[in-house]
Amino acid sequence: MTGDNPDVPDLSTTVGSLKLKNPVTVASGTFGYGQEFQEFYDPSILGAVFLKGLTTRPRTGNETPRLVETPSGLINSIGLQNIGIDEFVQSKWRELEKIDSAICANLSGDTIDEFVELASKACTVPIIRALEVNISCPNIKAGGVEFGRSPAAAREITRRVVEISKVPVLVKLTPNVTDVVEIAAAVMEAGAAGVTLVNTFLAMAIDIERRKPVLTNIMGGLSGPCIKPIAVRMVWQVYKALKCPILGMGGIMTGADALEFILAGASAISIGTANFVNPTAGPDILAEISEYCEPHGVKSIAELVGAAHAA
Amino acid sequence: MKYRVFAKLVKVEPVDHETYVHTYEAPQIAQDALPGQFLHIRVTHLSTPLLRRPISILWSDSHSLVKVLFKVVRTGTALLAEKREGELVDLLGPLGTPFPYDFNRDSIMVAGGYGIAPVYYLSRLNPSNNNKRVLIYGARDASQLYLRNDLKAAFDEVNYATQDGSVGRRGLVTDPLRDLLMSRGNLAIYACGPTPMLAAVKQLVAEVAEPGTPCWLSMENQMGCGFGACQGCVVKTVDGYATTCKQGPVFDARTVVFS
Ligand SMILES: Cc1cc2nc3c(=O)[nH]c(=O)nc-3n(C[C@H](O)[C@H](O)[C@H](O)COP(=O)(O)OP(=O)(O)OC[C@H]3O[C@@H](n4cnc5c(N)ncnc54)[C@H](O)[C@@H]3O)c2cc1C
Ligand SMILES: Cc1cc2nc3c(=O)[nH]c(=O)nc-3n(C[C@H](O)[C@H](O)[C@H](O)COP(=O)(O)O)c2cc1C
């Protein structure tokens, strides 16, 4: 273990009860089920892998165009294209067995009962180390986002999922709210192991030639470097108010970006859009974080978590 | 295998004031590359434009060099055109599905504009044996017919079609294609160009070619990651959505659903 060698920084960390060998994880919906990236590197190097969001039934996703590039970012309205929980539970998960990283299922329901069904099915998969409850997808119309905006609904979903889950439950919050602290407080009260901050920002782009929205879905979720300062601010606010475990993300492209989130209060970070630009972003960012530690006299990641708050 | 490499740009050849051929030293990519596959090029290390730009492989020496031909459209391709010989460029490749090739049939290759790149590569890599390689190459006008000096050596027969009649037949590629499909048999069709052209090729082949004539289309689409992770570049097929970057860009024409 790296922890036994005084010269090598201890990169291990926790998000509540979820233990990770290092703070670098990959974000749901940006890493598929891992296969695409195995052609570039072995995902076992990662602290955790958050799988593409699962729904109760397979979804074909939204009409195209469903992706548009914007300054320092992109807007997507993929619409949770996925194989559905049943196929995942029956067979798909076996493709992930060889990855020696914390595999986490990301769940998207339209109703509380759907979230409960998804959670109980996901928990039957032996490799699943945590559930991430996505109450914040801007790309499904039937109400997913409403849960994420109401503290009462967020609390209730979290309580019901935690009740039946056999693994730690993280709740992924939407940034499209006035007060993210209020929602974070509600889900922590209901037993979440931590919060994932943030999902994408509701956004749109217009094609001035066609005089129409670019995306067929009209709106989508904005991600990438352009959202980073807002995401860092939200992590800061939640950590300051609640000191709860946070998985931080939003526009992380480099080790320096990741460190900002950690210093703001995240005990682990997720790489999303950067995976699309640089398929080896995971190992690259991990290396950059370790390289920061030694010259800065950092012995363990834990020393850095929330350190920017120190008086 | 797919590789991410910082490849040295060893040669920049202007084709015209807005079109360039780049030669990169990228041995891993060169050794694996096949016609129809593309490079996904990061045009800046800054965050705008954020996404890579897909460009078809024009030629690989199968050893260390790969070539692409690209036209400046807007920001991304303009930044690519600013790269100078000796610079290192961030490449992903070779990506996507290659064209299958049938030596037992005469090849009809249909290209529009810079769509010449993959069919040129396909033809050069598969010299005529018993079969013939016929090119039908179209564009708005003569200025968008690229590499004309090299095409004679790569194909047994070259037919041009321009919308203004400046070179070859006036009209669309589908006119000479129709004639060929009606007069000859035992053909295989390989096409790359703008989406309306591909839709027209598919329809024509279905209507007038011998039943069972293979027809392969290299599709163009706005891409995110380029290797199947983001699901942004899907096209409609008879089996549902398929990613242009990983399940394509080369598709069996019978499976593509044009809207
Ligand atoms: C598989 C494939 C092979 C290609 N091969 C070649 C080639 O050999 N030579 C060549 O000149 N061009 C090729 N293209 C098109 C080329 O990728 C676009 O012209 C280029 O991305 C435009 O970028 P831009 O920043 O200059 O333009 P912008 O219009 O500013 O680009 C904005 C966004 O739209 C996308 N985009 C715009 N036009 C196209 C288009 N026609 N096709 C796909 N995406 C587009 C860009 O990737 C970007 O995400 C290919 C496209 C694909 C999908
Ligand atoms: C194409 C795409 C698909 C996504 N799909 C999901 C998803 O299925 N579930 C989810 O919780 N978040 C999803 N997200 C959000 C990301 O996990 C992440 O929270 C967000 O993109 C911000 O991080 P980034 O700026 O590093 O990308 C998706 C994001 C993108 C760009």
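Residues numbered from 1 in each chain as written. Chains lettered and ligands numbered in written order. Predicted model: local features only at pLDDT ≥ 70, side-chain atom pairs only at ≥ 80, totals over all residues.

(A) Structural view of the overall build of chain A. Looking only at helices and strands, one finds 10 helices and 16 strands in chain A. Relative to the 2.2 N^0.38 estimate, which gives 19 Å for 311 residues, the radius of gyration of chain A is 18 Å and therefore close to what a compact globule would have. Based on the C-alpha atoms only, the size of chain A along its principal axes is roughly 55 × 45 × 40 Å. Within the span of chain A, comprising 311 residues, buried residues form 56% of the whole. Expressed as a percentage of contacts within chain A between residues at least 6 apart in sequence, the contacts between residues at least 24 apart total 72%. (Helix = DSSP H or I, 4+ residues; strand = E, 2+ residues; numbered from the N terminus. Rg over C-alpha atoms; globule rule 2.2 N^0.38 Å. Buried ≥ 20, exposed ≤ 12 C-beta atoms within 10 Å, placed from the backbone. Contact = placed C-beta atoms within 7 Å.)

(B) Quick look at the site of ligand 1. Inspection of the region around ligand 1 gives 24 residues, with B:Ser56, B:Phe70, B:Arg74, B:Gly76 and B:Thr77 positioned closest. Residue neighbours of ligand 1 fall on chains A and B, so the site bridges chains. Breaking the shell around ligand 1 down by element, the ones donating at least two residues are strand S4 (53-60), strand S5 (65-71) and helix H2 (75-81) of chain B. Among the residues making up the shell around ligand 1, the classes are represented as 13 nonpolar, 6 polar and 5 charged. Each of two domains, domain 1 (3-95) and domain 2 (106-255) of chain B, supplies a minimum of three residues to the shell around ligand 1. (Near = placed C-beta within 6 Å. Nonpolar A, V, L, I, M, F, W, Y, C, P; charged D, E, K, R; others polar. Domains from an automatic or database assignment.)

(C) Structural context of the sheet that holds S5(B). Residue and element names in this part refer to chain B. Spatial ordering of the closed barrel is given by S1-S2-S5-S4-S3-S6, a layout of 6 strands whose pairing is antiparallel. Across this sheet, the average inter-strand angle for adjacent strands is 45°, counted without regard to direction. For strand S1 (residues 3-16) and strand S6 (residues 88-95), the ladder comprises 6 bridges, and the chain directions are antiparallel. Within S6, the position partnered with phenylalanine 6 by the bridge is aspartate 90. Along the sheet, helix H3 (residues 116-125) contacts S4 and S5; its crossing angle with S4, the most-contacted strand, is approximately 25°. (Pairing = 2+ DSSP bridges. Axes fitted to C-alpha atoms, helices over the stretch in contact; angles between N-to-C directions.)

(D) A look at the domain arrangement of chain B. Residues and elements named next belong to chain B. When the domains of chain B are assigned, the result is domain 1 (3-95) and domain 2 (106-255). Here the C-alpha centroids of domain 1 and domain 2 sit 22 Å apart. Contact with domain 1, which involves 19 residues of that partner, is made by 18 residues of domain 2. For the side of domain 1 that touches domain 2, the secondary structure elements donating two or more residues are S1, strand S3 (38-42), S4, S5 and S6.

(E) Region of interest: the pairing of strand S12 (residues 215-218) of chain B. All names here are of chain B. Alternating residues of S12 divide into Cys215 and Leu217 and Trp216 and Ser218, and every residue in both groups is buried. Judged from the 4 bridges that link them, strand S11 (residues 187-192) and S12 form a sheet pairing that is parallel. Within S12, the residue paired with alanine 191 across the bridge is leucine 217. Handedness of the crossover joining S11 and S12 through helix H6 (residues 195-208) is recorded here as right-handed. Pairing geometry for S12 and strand S15 (residues 250-252), over 3 bridges, is antiparallel. Across the sheet, residue tryptophan 216 finds its bridge partner in S15, namely aspartate 252. (Right-handed = clockwise from strand over helix to strand, strands pointing away.)

(F) Spatial organisation of the site of ligand 2. Around ligand 2 sit 27 residues in total, of which A:Ala27, A:Gly29, A:Gly53, A:Ser223 and A:Gly272 are the nearest. Here the shell around ligand 2 is built from residues that sort into 10 nonpolar, 15 polar and 2 charged.

(G) Structural detail: unusual backbone geometry. The omega angle of the peptide bond from B:Thr48 to B:Pro49 is -5°, so this bond is cis rather than trans. Residue placement: B:Pro49 occurs in the loop between S3 and S4. Residues B:Gly248 and B:Pro249 are joined by a peptide bond in cis, for which omega reads 10°. One can find B:Pro249 in the loop between strand S14 (240-243) and S15. If you check the backbone angles, A:Ile218 has positive phi at about 70° while not being a glycine. By secondary structure assignment, the location of A:Ile218 is in the loop between strand S13 (212-213) and strand S14 (220-223). Phi at B:Ser62 is positive, roughly 65°, even though this residue is not glycine.

(H) The arrangement of the sheet that holds strand S8 (residues 133-139) of chain B in detail. Residues and elements named next belong to chain B. Here 7 strands make up an open sheet; going across it, the order is S10-S9-S8-S7-S11-S12-S15 and the pairing mixed. The open sheet has two edge strands with one neighbour each: strand S10 (169-170) and S15. Packing of H6 onto the sheet brings it into contact with strand S7 (106-112), S11 and S12, and relative to S12 it is tilted by some 175°.

(I) Summary view of the confidence of the model for chain B. Per-residue confidence for chain B averages 95 on the pLDDT scale, and 100% of its residues sit at or above 70. The ipTM, which scores confidence in the relative placement of chains, is 0.94 for this predicted complex, and the corresponding pTM is 0.95. (pLDDT = per-residue confidence, 0-100.)

(J) Representation of the packing of helix H6 (residues 180-189) of chain A against helix H7 (residues 228-242) of chain A within the structure. Residue and element names in this part refer to chain A. Between H6 and H7, the least distance of the axes is 9 Å, while the angle of their chain directions is 55°. On the basis of the axis angle, H6 is oblique to H7. Crossing handedness for the pair H6 and H7: right-handed. Residues Val180, Val181, Ala184, Ala185 and Met188 of H6 pack against Met234, Gln237, Val238, Ala241 and Leu242 of H7. (Parallel < 35°, antiparallel > 145°, perpendicular 65-115°, else oblique. Left-handed = near helix turned anticlockwise from the far one by under 90°.)

(K) How the structure looks around the pairing of strand S8 (residues 128-134) of chain A. All names here are of chain A. S8 sits mainly inside the fold: 6 of its 7 residues count as buried. In this sheet, S8 lies alongside strand S7 (residues 102-107) in parallel orientation, the contact comprising 5 bridges. Its bridge partner lying in S8, alanine 105 is registered against leucine 131. Crossover connection from S7 via helix H3 (residues 112-122) to parallel S8: handedness right-handed.

(L) Structural view of the nonpolar core. Core analysis: the biggest nonpolar cluster contains 176 residues, and A:Cys104, A:Val195, A:Val235 and B:Ile189 have the highest contact counts within it. No other element matches H7(A), which puts 7 residues into this core. Built from parts of two domains, this core gets at least three residues from each of domain 1 (3-95) and domain 2 (106-255) of chain B. In this structure, A:Val195 is in contact with A:Leu170, A:Val171, A:Leu173, A:Ala184, A:Val187, A:Met188, A:Val238, A:Cys244 and A:Ile246, ignoring residues within four places of it in sequence. (Core = buried A, V, L, I, M, F, W, Y, C linked by C-beta atoms within 7 Å.)

(M) Local environment of H3(A). All names here are of chain A. Every buried residue belonging to H3 is among Phe115, Leu118, Ala119 and Ala122, and all of these are buried. All buried residues of H3 fall inside an arc of 95° around its axis, so they share one side. Where H3 is buried, its residues meet helix H2 (85-90), S7, S8 and helix H5 (151-164). (Arc of directions from axis to C-beta.)

(N) Here's a closer look at the packing of H7(A) against helix H8 (residues 255-264) of chain A. Residue and element names in this part refer to chain A. Contact geometry of H7 with H8 gives a least axis separation of 8 Å together with a crossing angle of 20°. When the axes of H7 and H8 are compared, the pair comes out roughly parallel. In this structure, H7 crosses over H8, and the sense of that crossing is right-handed. Note on element contacts: H8 touches H7 through Asp257, Glu260, Phe261 and Ala264, opposite Lys228, Val232, Val235, Trp236 and Tyr239. When the residues that make up the contact of H7 with H8 are grouped by side-chain class, the tally is 6 nonpolar, no polar and 3 charged.

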